[in-house]
Amino acid sequence: MYLSHEASHSPQNFHRKPAVMCALAFAALIFNPGPGLGSAEQIQLRPAEPGGSPDQVELTVEAEGKILVRRGNKVESAPTQAEGRFKFWERPVIGYLSENATEIVRGGIRWFELAETTGRVGSQQVTVTLRPDRRLILARTGGTDTLLWSLSGPLTRGELDLLQPTLATLGLAGLLPPQPVGEGSKWTIPADVAGVLVGLEGVTLGGVEATMLEVVGDIVRVEFSGRLEGAAEAVHSEITLKGRYQFSISKGRVIWLGLAYHEKRESGPIAPGVDLVTKVAISVKPDQQCPQVEDPQLVSGIFEPAPELLLLEQQAPDGLWRLHYGRRWHFTAITDDWAVLRLVDRGTFLAQCKIARGQPPKGEMSLARFQADIRDSFGAQFHRFIQASELRSLAGTPIYRVEAQGMVNGVPVIWIFYWVRGPQAEPLVISFTLEQSLYERFGQADREILDGLRFRVDEVALRPK
């Protein structure tokens, strides 16, 4: 999930996940547990209550394997590898989404000192870092989502993907057994906890079993392994994993975790397939100091995030426009002249959007002329216009909107077009393509894009009145 929000926005195609740091993996870990307790003594592994001093967390990720791209009936592969380093302070938070909710939400208020990933696909290398003004991050898991966002403003998709591996700390408390255990005791780690550890959006099959190995002084040693199937990047993913952790009885914290996992994922509408081995190491030092995360007013933000902070942001390479957009949309390519996004909702590819520079019209552009241009460009694929209207931006400039129906390769489709006059009369043409059967589910997703689009040069708002 690691792509550069700056370096990857070149005149070349926009490469999603150049080294796929969140891509999950398998590597055999050989454990030598050593002597056990030598008794049937049972112990309850209790997590510490949130509210104390923050933890200092250091996390590293190493991934190596290949990405898989389907071209027609062939699947092409390219070698890939990546390394990620993270250091942050986290103040754990636990609560409920509302007074009537029964679903526990675990979260963290985080301040990042270091967040960096360097990835390589073939000969191309990209480094992604977190902007200094986005270092205060909130994260949570529970309810229906696992989320992270910045209190300083929208993240880029690259920054969001960069930080995804750090969500694993939210699952550490869930690794503990619900009942007292002794040497050799086994228990099942909840599927949602295992999913958080390896970045799955939802686990549908499989399970992970944990085994208590021994107690050495204050430290309980545990190993776990299993196999999971679920969704990642809107496609099916299979993961085999094995790991080990250490729990401090006095601190009530998992203070170290080592994990290796192997992911096989098919190519999807927004990202290539992967066959990767990833190793993760997490070190936690409790009872640290970090004033940036200790403001008590930050806690409420975990449970009621401002909607505008959950948006992502993207800027055109030449700065002509910038976009704040919902997380269901994914950029798949961007150049100086055009950008392509795809809308994925609960695993379904709904629509494609293209933002393109248009040629300044000779003479005055009108709604009728825009419709004629659309009809001519599609030729025999065009069937009829559904509706056409003239809108106005907040700056008073005209926006033409046209819906049309047609047929592509025997499939009924709907096209939605916007023509928007730019700052120097250079227009943007924003188009949406979707299958007619998905029209109702698509809803007003086109207006979401238009609402978030601005001409950066003079901050002209494109949103219609």
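Let me begin by describing the structure that accompanies this report. (Residues numbered from 1 in each chain as written. Predicted model: local features only at pLDDT ≥ 70, side-chain atom pairs only at ≥ 80, totals over all residues. Heavy atoms only, no water.)

Strand order in the open sheet made by the seven strands is 15-16-17-21-20-19-18, with antiparallel pairing throughout. Edge strands, defined here as strands with exactly one partner in the open sheet, are strand 15 (329-334) and strand 18 (382-392). Averaged over neighbouring strand pairs, the angle between their axes works out to 20° when direction is ignored. Looking at chain direction, strand 17 (residues 348-357) and strand 21 (residues 428-435) are connected through seven bridges and run antiparallel. What sits directly across from R357, in strand 21, is L428. Sheet contacts for helix 4 (residues 367-378): strand 18, strand 19 (398-408) and strand 20 (411-420); angle to strand 18, the most-contacted strand, approximately 150°. (Pairing = 2+ DSSP bridges. Helix = DSSP H or I, 4+ residues; strand = E, 2+ residues; numbered from the N terminus. Axes fitted to C-alpha atoms, helices over the stretch in contact; angles between N-to-C directions. Contact = heavy atoms within 4.5 Å.)

What follows deals with the packing of aromatic side chains. Scanning all chains against the criterion turns up twelve aromatic pairs. Relative to F331, the ring of W321 has its centre 6.5 Å away and its plane inclined at 10°; by these criteria the two rings are stacked. Taken together, the residues span a long stretch of sequence, with W321 in strand 14 (residues 321-325) and F331 in strand 15 at a distance of ten residues. F331 carries the same exposure label as W321, and that label is buried. Their ring planes at 25° and their centres at 3.8 Å tell us that F378 and W415 sit as a pair that is stacked. Highlighted residues: F378 in helix 4 and W415 in strand 20, separated in sequence by 37 residues. According to the relative accessible area criterion, F378 is buried, its value standing at 18%. What links up through ring pairs into an aromatic cluster is the set W329, Y418, F432 and F442. Note that K354 overlies the ring of W338, its terminal NZ or CZ placed 5.5 Å from the centroid. (Phe/Tyr/Trp six-rings, centres within 6.5 Å; stacked < 30°, edge-to-face > 60°. Buried < 20%, exposed > 50% of the residue type's maximum accessible area, 1.4 Å probe, protein only. Lys NZ or Arg CZ within 6 Å of the ring centre and 35° of its normal.)

Purely geometric stuff here, so don't read any function into it on its own.
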